[in-house]
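A closer look at the structure
The primary structure of each chain is shown beneath.
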Amino acid sequence: MNSVLLVNPNRMRPPIAPLALDYLGEALRRSGFDVDVLDLCLTEDPAAVIDRYFASGDPLLVAVTIRNTDDVYYVSQDFCLEKYREIISHVCRVSDAPVVLGGCGYSIFPEAILDYFDLNLGVWGEGEIALPALARQIATHGDLSEVPGLVYSAKRSGGFCRNPPVPVDLSRSGPLPRDTVDNERYFREGGQLGVETKRGCPNRCAYCADPLGKAGLSLRPPAAVAAEIAGLADRGIDHLHFCDSEFNLPAAHAAGVCSEIINLGQGDRVRWYAYCSPAPFTDELAALCATAGCAGLNFGADSGSDAMLRQLGRDFTREDLARTAETCRRHGIVFMYDLLLGGPGETRDSLKETVDLMKRLSPDRVGVSLGVRLFPGTRLGDRALAEGPLAANPGVRGKVSANSKLLAPVFYLSPELGWDAEAYLAGLIGADERFFFASREAGEANYNYNDNSVLVQAIKDGYRGAYWDILRRLKEGSGGS
Ligand code: B12
């Protein structure tokens, strides 16, 4: 009865290891709790696994990580919470233990998700301090107002209270042992493993939900990151994806991480990928990345139109995109530009400007998302809500009725693009294989990492790395890693 049960309900394929549970497991053990794990991603029959556990297990608390509420993909609009509801209801049927929710998906909609599951405990933001604190209060029938970031039922108002969070200071954290979840299996079946070098993002892009779930910017010591990477490589886990919102913000920290990887002799042992901001990306950083084992960078370019970049709250320009493309090429870094098209103000002309620029700059791959997911607490989401009923808003698509908290997938697609926006964009892209673009009309192409059978098969066949890069190598016939 001194154990906390950690549950991962995310069953997307290829499987991505729930890095959060490695952090939370470690924090709980350090606080004196035993840790059990039900990783429902790695099982055929979640209900049977839950039943088997609770036949003898009697945890103090069940902690469920909600990394994804949906797949944030206009073409599929897969609402994951519906599937998690079955899992959580099943747990509640077979156990009286309190259930607490948390995670980067959860933290975008803390109260709305508790309502949706009819639960009354959640943690907004980071869990390393909050989860052991909650377990302690539950064990001692203590005071919930002491638990940082806790969201819980307010007896008086009938709504929810949210306690202020206490930010986790990563600046003194050592390498994580990475032993709470089966990372070897995730590597075999998912082709890569995640590592955080920092937490939080200093940017406030108009659409982005990343800052909604993290209190501030916290940097890990570069030497600890390098030591964690070396430990994973010793276990044969040598293809990694950094789990930072933007690896190169701040650039000096990214340079520090690369230098420590090099100093520890890991640059030739591991291949890693990262999300990056298109600026700043200097020659010095590119050179360090290349020597430190960088296999590819995914830049959040968003648009090739300066007017649209301003609309989206980005702080770089088309010229920066050109400069960064040049820098990558000079240093032999494989790179992708990810586009987010269809935001407010997007026109057929700005789409053309963007596609033309991409064709000219010629990144190794161009990820194309048409339709911008609206999240509450972002400038775009709040603006759509302020404009009145979603169903009456010509720019809002997806779940437009009974969705005032924007919990179910709902997107902005500029009405100025006309009814055939997808076909128009498909026409601009043509047969150019550098572009990852799936439209709802044109069937089989799937660049979503949610239930992607092409990727699952490629990983079985030995491919490793970031999914966009595996898809690139499959097309180019250039091998597994
Ligand atoms: C890196 C990343 C990826 C990489 C992962 C690489 C890897 N090997 O790990 C790749 C590119 C593969 C990827 C893919 C996808 N991703 Co992604 N990804 C991220 C990113 C940047 C970091 C996630 C991460 O690991 N963070 C580090 C961990 C430690 O943080 P954490 O999970 O938040 O956990 C902390 C707290 O939340 C809390 N916590 C977590 N769980 C719990 C539970 C309890 C009970 C408590 C108390 C606390 C708690 O404590 C933890 C430690 O403090 C996030 C955005 C972000 N900055 O968070 C998006 C993000 C999670 N991804 C997202 C999406 C949509 C996807 C895809 C579905 C995209 C797609 N359609 O293909 C896929 C899904 C893949 C899958 N199988 O799950 C969305 C989810 C949004 C939503 N509303 O659901 C995010 C939030 C980005 C966004 N803003 O839209 N992703």
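Cut-offs used in this document
- Residues numbered from 1 in each chain as written.
- Predicted model: local features only at pLDDT ≥ 70, side-chain atom pairs only at ≥ 80, totals over all residues.
- Helix = DSSP H or I, 4+ residues; strand = E, 2+ residues; numbered from the N terminus.
- Rg over C-alpha atoms; globule rule 2.2 N^0.38 Å.
- Buried ≥ 20, exposed ≤ 12 C-beta atoms within 10 Å, placed from the backbone.
- Domains from an automatic or database assignment.
- Contact = placed C-beta atoms within 7 Å.
- Nonpolar A, V, L, I, M, F, W, Y, C, P; charged D, E, K, R; others polar.
- Near = placed C-beta within 6 Å.
- Expected span 1.5 Å × (residues − 1).
- Arc of directions from axis to C-beta.
- Core = buried A, V, L, I, M, F, W, Y, C linked by C-beta atoms within 7 Å.
- Pairing = 2+ DSSP bridges.

**Here we look at the overall build of the protein chain**
The helix and strand tally for the protein chain stands at 16 helices and 19 strands. For 481 residues, the compact-globule estimate of 2.2 N^0.38 gives 23 Å, and the C-alpha radius of gyration of the protein chain, at 22 Å, lies within 12% of that figure. In terms of overall dimensions, the protein chain has C-alpha extents of about 65 × 60 × 40 Å along its principal axes. The buried share of the protein chain, taken over its 481 residues, is 50%.

**Here's the deal with the domain arrangement of the protein chain**
In terms of domains, the protein chain is made up of domain 1 (3–162) and domain 2 (170–476). Of note, the centres of domain 1 and domain 2, computed from C-alpha atoms alone, are 26 Å apart. On the domain 2 side, the residues contacting the 35 residues of domain 1 number 44 residues. Where the side of domain 1 that touches domain 2 is concerned, the elements lending two or more residues are helix 1 (19–30), strand 2 (34–39) and helix 4 (110–117). A total of six residues in the side of domain 1 that touches domain 2 trace back to one element, the largest contributor, which is helix 1. Of the residues assigned to the side of domain 1 that touches domain 2, the class counts are 22 nonpolar, six polar and seven charged.

**Quick notes on the site of the ligand**
Near the ligand, the surroundings consist of 45 residues, among which A20, G102, G127, G194 and Y449 are the closest. Only helix 1, strand 3 (61–65), strand 4 (99–102), helix 5 (130–139) and strand 8 (193–195) provide two or more residues apiece to the shell around the ligand. If one sorts the elements of the shell around the ligand by residue count, helix 1 sits on top with four residues. Of the residues belonging to the shell around the ligand, the class tally is 22 nonpolar, 16 polar and seven charged. Both of domain 1 (3–162) and domain 2 (170–476) provide at least three residues apiece to the shell around the ligand.

**Considering helix 3 (residues 80–94)**
For helix 3, built from 15 residues, the straight-helix expectation of 21 Å at 1.5 Å per residue is met to within 8% by its first-to-last C-alpha distance of 22 Å. Taken together, the buried positions of helix 3 are occupied by C80, L81, Y84, I88 and V91. Buried positions in helix 3, seen along its axis, are confined to an arc of 75° and lie on one side of it. The exposed set on the far side of helix 3, more than 90 degrees from its buried face, consists of E82, E86, S89 and R93. Packed against the buried residues of helix 3 are helix 2 (46–56), strand 3, strand 4 and helix 4.

**A closer look at the nonpolar core**
With 145 residues, the main nonpolar core has L24, A63, L131, L134 and L374 as its most contacted residues. The element that contributes the greatest number of residues to this core is helix 1, accounting for seven residues. Two domains each put at least three residues into this core: domain 1 (3–162) and domain 2 (170–476). Discounting chain neighbours no more than four positions away, the residues touching L24 are L6, A63, G127, E128 and L131.

**A short note on the sheet that holds strand 17 (residues 396–398)**
Paired through their backbone hydrogen bonds, the strands of a sheet run either parallel or antiparallel. With respect to topology, three strands assemble into an open sheet ordered 16-18-17, the strand pairing being antiparallel. Looking at which strands have only one partner, the edges of the open sheet turn out to be strand 16 (372–373) and strand 17. Examined bridge by bridge, strand 17 and strand 18 (residues 410–412) share three bridges and lie antiparallel to one another. Within strand 18, the position partnered with R397 by the bridge is F411.

**Notes on the pairing of strand 6 (residues 150–153)**
Sheet topology note: the strand 5 (residues 121–123)/strand 6 ladder contains three bridges and is antiparallel. Within the sheet, the bridge partner assigned to V123 lies in strand 6 and is L150. Looking at chain direction, strand 6 and strand 7 (residues 160–162) are connected through three bridges and run antiparallel. Note that in strand 7 the partner of Y152 across the bridge is C161. The hairpin formed by strand 6 and strand 7 contains six residues between the paired strands, and G158 there has a positive phi angle of roughly 80°.

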